[in-house]
Amino acid sequence: MEEWWYRSASGARIALRRRQHSASCRELAVRCPRLRLRSLSAATSAAWLAAYGLFVLTENSMVLSAAIIITLVGLIIYLHFVKIDQESLLVIGSLGIQVTSSYASGKESTTFIEMSQVKDVVINEAIHMQKVIYYLCILLQDPGDPQGVSEVVPLFQSSKPRLDCLIEVYKSCQEILEQRKTAPQSS
Amino acid sequence: MVLKVFFPSCCASAESGILIGRWISEQNSAVILAVIHFPFIPVQVKQYLSEVQRVTKVSVSVLGSWSNSKREKEESLSEFLEDLGTIFSHEPWIQISKEGDSKFWSCSTLQKNSNNPKEEEIILVYYDQRKVMLSHLHPPLDTAASTDHKAEDASKLSAIFDTVAKSKILFMTDRYDDGPIKLTHWQSDGVEASIIVELMKQASVPACMLLTFLLSLVSGVCRSRKANIFVSLLIDVALGLLLISWLYRKNRIGHLADTLIPVADHVAEELQDLLQWLMGAPAGLKMNRALDQVLGRFFLYHIHLWISYIHLMSPFIEMILWYVGLSACLGLTVALCILSDIIALLTFHIYCFYVYGARLYCLKIYGLSSLWRLFRGKKWNVLRQRVDSCSYDLDQLFIGTLLFTILLFLLPTTALYYLVFTLLRLLVVIVQGLIHLLVDLIDSLPLYSVILRLCRSYRLADQPPVIWQCGTDIQAANLQLLPQGFLDIPLQEAVPWRAHLPLETQRREAGLKTAKELERLGQENRLNPNSFGPKASQSQRLLDPFN
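Here the residue numbers are simple positions, counted from 1 along each chain's written sequence. The naming scheme follows written order: chains are lettered A onward, ligands numbered 1 onward. The predicted origin of the model limits local features to residues at a pLDDT of at least 70 and limits the giving and counting of side-chain atom pairs to 80 or more, whereas totals for whole chains, interfaces and linings rest on all residues. Water and hydrogen atoms play no part in the side-chain values, which are based on all heavy atoms of the structure.

An unreviewed UniProt entry lists chain A under the name PIGH acetylglucosaminyltransferase, with Rissa tridactyla given as the organism. UniProt positions are given in the numbering used here, feature names are shortened, and annotations may be inferred rather than shown by experiment. On record in UniProt, under Pathway (unreviewed entry), the comment for chain A is "Glycolipid biosynthesis; glycosylphosphatidylinositol-anchor biosynthesis." Of the comments in the UniProt record for chain A, the one headed Sequence similarities (unreviewed entry) reads "Belongs to the PIGH family."

Okay, structure coming up:
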């Protein structure tokens, strides 16, 4: 298992971990930066200061309890639905590709794409806010048109690694995808 | 070419037998549906399979052999399994074996007509048979292509799903039925699990459904181990709130506080009586008067101090107890622990007495043993940690003997005090230990699993199947694949799934394992050096797959 450190598009440090289970199976995981204590405390303090200001204005103590509850619920929702801890890509030659996102609360959501539907894995450019970023995506085969692409599935959307990390991932995936071209009639 | 074998997770703990299922040659994959156990008559097996084939229209055949031996591999068994390949001719003949204590499996294929001399890679995929059977894999809804295209490009995995779904009749007979064929499949576990449900079915179906619905809410949040902790915590807090409501009604806590001081006084008085008894002639033993008086007065003074402190605290006890009792809302275990601490505080003087008595006794024994050695002319060598002989001077011997005599005759007194206070301390420790035991019991009772086990019928799903039934558009299956089911050229051992989990967890977890969990398992299983060792050890296995 190898681990390298890179930077994401926004400058945060991310870790790429590559694990080779066998010649035709690789797992690549990108670990996003953790939730920082200072950003959490900054958000919480801001929310509570605002609530205290409201309390001073309105003399209603319900504002304070409401602020506490909202902060807690908001934190839970953020950890469970928004904050992604790790995104991983599991490529199994002749079976398929599995994309897993694991959230900070432990929830994992996976998508599996069969190898017959995968046309190719490429690096694309996109304009995101005020930047141009690169992203890795899986091109799905159009069943009607062998040359066409029916869908583009972007990967590593929340960790947004930079080009050097993407090139590593791309090379690893291509090594496995090439095997299906060389192997005759592989399923 | 890669050979894919889909193995049902429920058969991982089955006894040895032959594998039956469907061989999909265009995908070079084998879907195993069940295991037929020994003994069987091959003709009957073939008849049974042809009947199943007729009814389900799925070409079920014998695909290979499965061996799960608790002891070391037996030569006869391995030869027998290979010979089976000649009876049920199937290309390729798949052999999967697992040794009882080892966590590693081995899978190999036998090719009769070896026109393909190159060893092929084998992928072993575990699947949860029940979930796969109950699910349908839908093609994407927007494919408006012609049926020809659809047939070609249809998802290859849908063939697997279809195979399992159509073979429902195969799952009707079981190894517990009396018949010529003894099968193991997902129903083999299920038949035993819901006995209680079957028994109480008429009366309690609504209650069970409600309970499992509530539990499914819990399980939606987390996995089974965390769900256990979660449910225990909930029950704990509920009991604590119940306790509070009982304590604070009719001001019971005030009464409790009021009785606390008299109880402490009573204990102190009893201790004083005990000491007076010790200072006299306890149980008819004659004590050394002077030492007795000294020790007795010393301890009596302590008790006097203690009573004074208690009386000093008495006005505040009620308020403190009132507020401390409120903390029981955090759970019954918290209240029990606080009770244990209060007991420890109230019996602090007993603890002090025990410490004094033990110290004195320890010193005395130490002195006695050292002087006894001097008496015999020996010495303890600290450097070598052993007893050496030593020649003492005359005055050393004289003083040593004198001291020895003094200590020896004072021994009964000290020993008696030590004994009495140790017993008292033991009493307190036992009470505290019981409380802690109760707390541990409440904490560690796996209520979630217990309730699930009791109430769960295998028809109720506590988690929605991996793929929803028709209506929702799912394009890609939510299968979570097993990266370590890989068998490389020539042969490699695969890390098996956890076959010893309770049935509920087996069923609850998604169809196939996630890569992350298997990574964790793989790290646990690294103890076996054969697993990811160099190719040399693996080539040994090539020669004799059953070793």
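Student: Provide a residue-level description of the overall build of chain B, including the pertinent values.
Tutor: The secondary structure content of chain B amounts to 18 helices and 11 strands. Contacts are assigned to residue pairs with any non-hydrogen atoms lying within 4.5 Å of each other. Of all intrachain contacts in chain B linking residues separated by at least 6 positions in sequence, the fraction that spans at least 24 positions is 76%. Numbering of helices and strands runs from the N terminus; a helix is a DSSP stretch of H or I covering at least four residues, while a strand is a stretch of E covering at least two.

Student: Go over the overall build of chain A with me, naming the residues and quoting the values.
Tutor: Assigned secondary structure in chain A consists of 3 helices and 9 strands. Starting at the N terminus and ending at the C terminus, chain A contains elements arranged as β-β-β-α-α-β-β-β-β-β-β-α. Buried residues in chain A amount to 39% of all 187 residues. We get accessible surface area from the Shrake-Rupley algorithm with a probe of 1.4 Å; when it comes to residues, only the shown protein chains can shield them. A total of about 10,100 Å² of accessible surface is found on chain A, and carbon and sulfur atoms cover 59% of it. Only protein chains enter the calculation, and the probe is 1.4 Å; a residue is then buried if its accessible area is under 20% of its type maximum, exposed if over 50%, and partly exposed in between.

Student: Got a sec to walk through the packing of helix H10 (residues 252-279) of chain B against helix H11 (residues 289-326) of chain B? Specific residues and values, please.
Tutor: Residue and element names in this part refer to chain B. Between N-to-C directions, angles cover 0 to 180 degrees, with each direction set by a line fitted to C-alpha atoms, over the stretch in contact for helices. In the contact formed by H10 and H11, the axes pass within 9 Å of each other and the chain directions differ by 175 degrees. For the element pair H10 / H11, the angle class is roughly antiparallel. Classification convention: Asp, Glu, Lys, Arg as charged; Ala, Val, Leu, Ile, Met, Phe, Trp, Tyr, Cys, Pro as nonpolar; all other residues, Gly among them, as polar. Considering only residue class, the contact of H10 with H11 consists of 19 nonpolar, 8 polar and 5 charged. When describing relative orientation, an angle under 35 degrees is termed roughly parallel and one over 145 degrees roughly antiparallel, while 65 to 115 degrees is termed roughly perpendicular and anything else oblique.

Student: Describe in detail the UniProt feature "transmembrane region" (unreviewed entry) in chain A, supporting the description with residues and values.
Tutor: Residue and element names in this part refer to chain A. UniProt feature "transmembrane region" (unreviewed entry): in the numbering of this structure it lies at residues 40-57 and 63-82. Taken end to end, residues 40-57 has its terminal C-alpha atoms 26 Å apart, with 100% of it in helix and 0% in strand. Its end C-alpha atoms 26 Å apart, residues 63-82 is made of 100% helix and 0% strand.

Student: Let's hear about helix H1 (residues 37-58) of chain A: which residues, and what values?
Tutor: The terminal C-alpha atoms of H1(A), which comprises 22 residues, lie 31 Å apart, in line with the 32 Å expected from a rise of 1.5 Å per residue. Within two residues after H1(A), Glu59(A) carries a phi angle of roughly 55 degrees, on the positive side. The span one expects for a helix is its residue count, reduced by one, times 1.5 Å.

Student: Summarise the sheet that holds strand S7 (residues 118-128) of chain A; cite the residues concerned and give the values.
Tutor: Residues and elements named next belong to chain A. Pairing between strands requires that DSSP locate at least two bridges from one strand to the other. Here 3 strands make up an open sheet; going across it, the order is S7-S8-S9 and the pairing antiparallel. The sheet terminates laterally at S7 and strand S9 (149-154), the two strands that pair on one side only. Direction aside, neighbouring strands of the sheet carry axes that sit 35 degrees apart on average. Examined bridge by bridge, S7 and strand S8 (residues 131-141) share 10 bridges and lie antiparallel to one another. Within the sheet, the bridge partner assigned to Glu125 lies in S8 and is Tyr134. Contacting S7 and S8, helix H3 (residues 163-182) runs over the sheet at an angle of about 165 degrees to S7.

Student: Any chance you could break down the pattern of salt bridges for me, citing the residues and the numbers?
Tutor: Any carboxyl oxygen of Asp or Glu within 4 Å of a side-chain nitrogen of Lys or Arg constitutes a salt bridge here. Enumeration according to the criterion identifies 6 salt bridges over all chains in this entry. Here Glu3(A) ties to Arg17(A) by a salt bridge, and the two come within 3.8 Å at their closest N and O atoms. Of the two residues, Glu3(A) sits in strand S1 (residues 2-7) while Arg17(A) sits in strand S2 (residues 13-22), which places them 14 residues apart along the sequence. With a closest N to O distance of 2.9 Å, Asp388(B) and Arg386(B) form a salt bridge. Judged by its relative accessible area of 40%, Arg386(B) is partly exposed. Each of Glu3(A), Arg17(A) and Arg31(A) takes part in salt bridges that share partners, so that together they form one network.

Student: For the sheet that holds S2(A), give the residues involved together with the corresponding values.
Tutor: Residue and element names in this part refer to chain A. Reading across from one edge, S1-S2-S3-S4-S5-S6 is the order of the 6 strands in this open sheet, with antiparallel pairing throughout. For this open sheet the edge positions go to S1 and strand S6 (108-114), each flanked by a neighbour on one side alone. Strand after strand, the sheet turns through a mean of 15 degrees between neighbouring axes, direction not considered. Note: strand S5 (residues 96-103) against S6, 7 bridges, orientation antiparallel. Within S6, the position partnered with Val99 by the bridge is Thr111.

Student: Quick one: what's the story with the pairing of strand S7 (residues 121-127) of chain B, residue by residue and with numbers?
Tutor: Counting buried residues along S7(B), 7 of its 7 residues qualify, which places the element largely inside the surrounding structure. Burial along S7(B) is two-sided: the face carrying Glu121(B), Ile123(B), Val125(B) and Tyr127(B) and the face carrying Ile122(B), Leu124(B) and Tyr126(B) are both buried.

Student: Break down the packing of aromatic side chains for me, with residues and values.
Tutor: Only the six-membered ring of Trp is used, alongside the rings of Phe and Tyr, when aromatic pairs are assigned; centres must lie within 6.5 Å, and planes under 30 degrees apart are stacked while those over 60 apart are edge-to-face, with the rest tilted. Under the defined criterion, the tally for this structure stands at 19 aromatic pairs over all chains. When the ring of Phe299(B) is compared with that of Tyr356(B), the centres are 6.2 Å apart and the planes differ by 20 degrees; the resulting orientation is stacked. Of the two residues, Phe299(B) sits in helix H11 while Tyr356(B) sits in helix H13 (residues 348-376), which places them 57 residues apart along the sequence. Judged by relative accessible area, Tyr356(B) falls into the partly exposed class, the value being 28%. Seen in terms of ring centroids, Tyr361(B) and Tyr418(B) are 4.4 Å apart; in terms of plane orientation they differ by 5 degrees. Their pairing is stacked. You can see Tyr361(B) sitting in helix H13 and its partner Tyr418(B) sitting in helix H14 (residues 394-444), a full 57 residues away along the chain. Among the residues examined, Tyr418(B) registers a relative accessible area of 25% and is labelled partly exposed. Just above the ring of Trp5(A) sits the side chain of Arg13(A); from NZ or CZ to the centre is 4.4 Å. Both a distance and an angle decide whether a charge sits over a ring: NZ of Lys or CZ of Arg must be within 6 Å of the ring centre and within 35 degrees of the ring normal. Positioned above the aromatic ring of Tyr103(A) is the side chain of Lys107(A), whose terminal nitrogen or guanidinium carbon lies 4.7 Å from the ring centre.

Student: Please set out the environment of Leu403(B) residue by residue, giving values where relevant.
Tutor: All names here are of chain B. As for its position among the elements, Leu403 is in helix H14. Take Leu403: its relative accessible area is 42%, and that puts it in the partly exposed class. In this structure, the C-alpha to C-alpha distance between Leu403 and Leu368, residues 35 residues apart in sequence, is 8.6 Å.

Student: Explain the side chain of Lys364(B) residue by residue, including any values.
Tutor: All names here are of chain B. Along the chain, Lys364 falls in helix H13. Only four residue types enter the charge count, namely Lys and Arg as positive and Asp and Glu as negative; His and the chain termini do not. Asp292 is the oppositely charged side chain nearest to the buried, salt-bridge-free Lys364, at an N-O distance of 11 Å. Once you skip the residues sitting within four places of it in the chain, Lys364 turns out to touch Leu407, Leu410, Leu411 and Thr414.

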